[in-house]
Amino acid sequence: MGRSRRTIPEELLLLALDPATGTTAQPQSLDLGLAGAQLVELALAGRIAPDGDRIAVVMPRPTGDPTLDSALELLRRRGSPVRAVHWIGGPRLGLRQIYLAHLERCGMVHAVAGQMCGVLPTTRYQATDTEISREIRARLDSAIRTGVPPDPRTAALAALAHAVGLGKHLYPGNEGRSSRSRLRDLIRHDPMGGLVAHAVMDVQNGVAAQPRRDRAPAPQARPTAGGVPMQPRRTGAMARVPAH
């Protein structure tokens, strides 16, 4: 995969960056969106494919992008297709920071050190080339305004932007209501993007934490012959991704 084209995770993060404050909108859901955007990018690169509501590796050959290849290798190690909602809902510690550092190395953003309340160190990120962000935004605006079916990359980006809640960031207020509605409707133009976007929203709604349908429910505590209760095996709760 060449570096002449930006990846969907990169574009999603650039969309989320507030040019005035240097912070990212919807930081916690954005982490989920970046994990989902990796899946879409890998699908577009022919490395994975949807298998119902699951994701299957169809070509384990690396793409040349270290962040994508790390995700691809983790998927390969699973050995069998994994549900998109479980993949996206898994621990993704620091994924947003990894992509911010990546964009900084690529020269698309630069870090600005500061302090919160004059004490706590903070880091904000400013786009070095606002034309890139304007071009990404223009693609979404065009798809919303014209109603012409967008290309798969733009459709997937729109679906993820809606899924992580960027609609109100991109099209605020009552005047942006119709644009937010059309942004949501773009989810139907790319099957993989739609699958991943729905998985992101399901994770936010707690669906990923529910028991799988193909597994028997956890047994209730019951006494043994000696009268000592046996507790059911506990499963780990879904890890939350800390905001940076």
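Each value, and the rule that gives it
- Residues numbered from 1 in each chain as written.
- Predicted model: local features only at pLDDT ≥ 70, side-chain atom pairs only at ≥ 80, totals over all residues.
- Heavy atoms only, no water.
- Helix = DSSP H or I, 4+ residues; strand = E, 2+ residues; numbered from the N terminus.
- Buried < 20%, exposed > 50% of the residue type's maximum accessible area, 1.4 Å probe, protein only.
- Contact = heavy atoms within 4.5 Å.
- Areas by Shrake-Rupley, 256 points an atom, 1.4 Å probe, with all protein chains shown as cover.
- Phe/Tyr/Trp six-rings, centres within 6.5 Å; stacked < 30°, edge-to-face > 60°.
- Lys NZ or Arg CZ within 6 Å of the ring centre and 35° of its normal.

Per an unreviewed UniProt entry, the recorded name for the protein chain is GPP34 family phosphoprotein, and the organism is Streptomyces erythrochromogenes.

*Asks:* Please set out the overall build of the protein chain residue by residue, giving values where relevant.
*Replies:* The helix and strand tally for the protein chain stands at 10 helices and 7 strands. Counting only residues that meet the buried cut, the protein chain has 41% of its 244 residues in that class. Considering only contacts in the protein chain between residues 6 or more positions apart, those separated by 24 or more positions represent 66%. Surface exposure of the protein chain reaches about 13,300 Å², of which carbon and sulfur atoms provide 54%.

*Asks:* Quick rundown of the packing of aromatic side chains? Include the residues and the values.
*Replies:* Taken as a whole, this structure holds 0 aromatic pairs when the rule is applied. The ring centre of Y171 lies 4.7 Å from the NZ or CZ of R137, which sits over that ring.

*Asks:* Describe the environment of A163, listing the residues and the values that go with them.
*Replies:* With respect to the helices and strands, A163 occurs in helix α7 (residues 152-163). A C-alpha to C-alpha distance of 9.1 Å links A163 and I187, two positions 24 residues apart in sequence. Once you skip the residues sitting within four places of it in the chain, A163 turns out to touch A197, V200, M201 and Q204.

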